[in-house]
Amino acid sequence: QVQLVESGGGLVQAGGSLRLSCAASGSIRSINGMGWYRQAPGKQRELVSTITSDSRLNFADSVKGRFSISRDNAKNTVYLQMNNLKPEDTAVYYCNADITTVVLRHNYWGQGTQVTVSS
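A brief report on the enclosed structure follows. Since this is a predicted model, take the numbers as computed values, not measurements. (Residues numbered from 1 in each chain as written. Predicted model: local features only at pLDDT ≥ 70, side-chain atom pairs only at ≥ 80, totals over all residues. Heavy atoms only, no water.)

### Details of the side chain of Arg71
Note the threshold: Per the convention used, a helix needs a DSSP run of H or I reaching at least four residues, while a strand needs a run of E reaching at least two, with both numbered from the N terminus. Counting of polar contacts relies on pairs of N or O atoms within 3.5 Å, with two restrictions inside protein: one atom must be capable of donating a hydrogen and the other of accepting it, and residues adjacent in sequence are counted only when both atoms are side-chain atoms. In this description, contact between two residues means that some pair of their heavy atoms is separated by no more than 4.5 Å.
On the secondary structure map, Arg71 appears in strand S7 (residues 67-72). At a separation of 3.1 Å, a polar atom in the side chain of Arg71 contacts the main-chain carbonyl oxygen of Thr52. With residues up to four places along the chain from it excluded, the contact list for Arg71 reads Ile31, Asn32, Gly33, Met34, Ile51, Thr52, Ser53, Thr77 and Val78.

### Quick word on the environment of Tyr93
Cut-off, in case you're wondering: Burial classes: relative accessible area under 20% of the type maximum marks a residue as buried, over 50% as exposed, and values in between as partly exposed (1.4 Å probe, protein chains only).
Here Tyr93 lies in strand S9 (residues 91-101). The class of Tyr93 is buried, set by a relative accessible area of 0%. Each C-alpha atom, one on Tyr93 and one on Pro41, is 12 Å from the other, the two residues being 52 residues apart in sequence. The residues touching Tyr93, leaving out its near neighbours within four places in the chain, are Glu6, Leu20, Trp36, Tyr37, Arg38, Val48, Phe67, Leu80, Met82, Gly112, Thr113 and Val115. Within polar-contact distance, the side chain of Tyr93 engages the side chain of Arg38 at 2.9 Å.

Here it is as structure tokens:
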């Protein structure tokens, strides 16, 4: 059994910053890619940023230069630092991780954390 637990969401004014964390726990053998997605009301879930096991990064064009992603492999945790937030960043942010357990390799999702940016 694997769980992804997110934290760090909240309400912030435009121009502010937030840091999201996502910790994976359970019968984990290895974690491959990790990342963050978001879903705004009435919209499809979209990629925000990903980081591979060898730290290759990928960002959506809309967040380049404002967001950064990192991971602590010892803690099975991925972070999303969000700076210069804009109202259009308002969404539920979901953690995603490609995890190999003793049984299988599977893509896991967190429960989501709300980020609200006021203008």
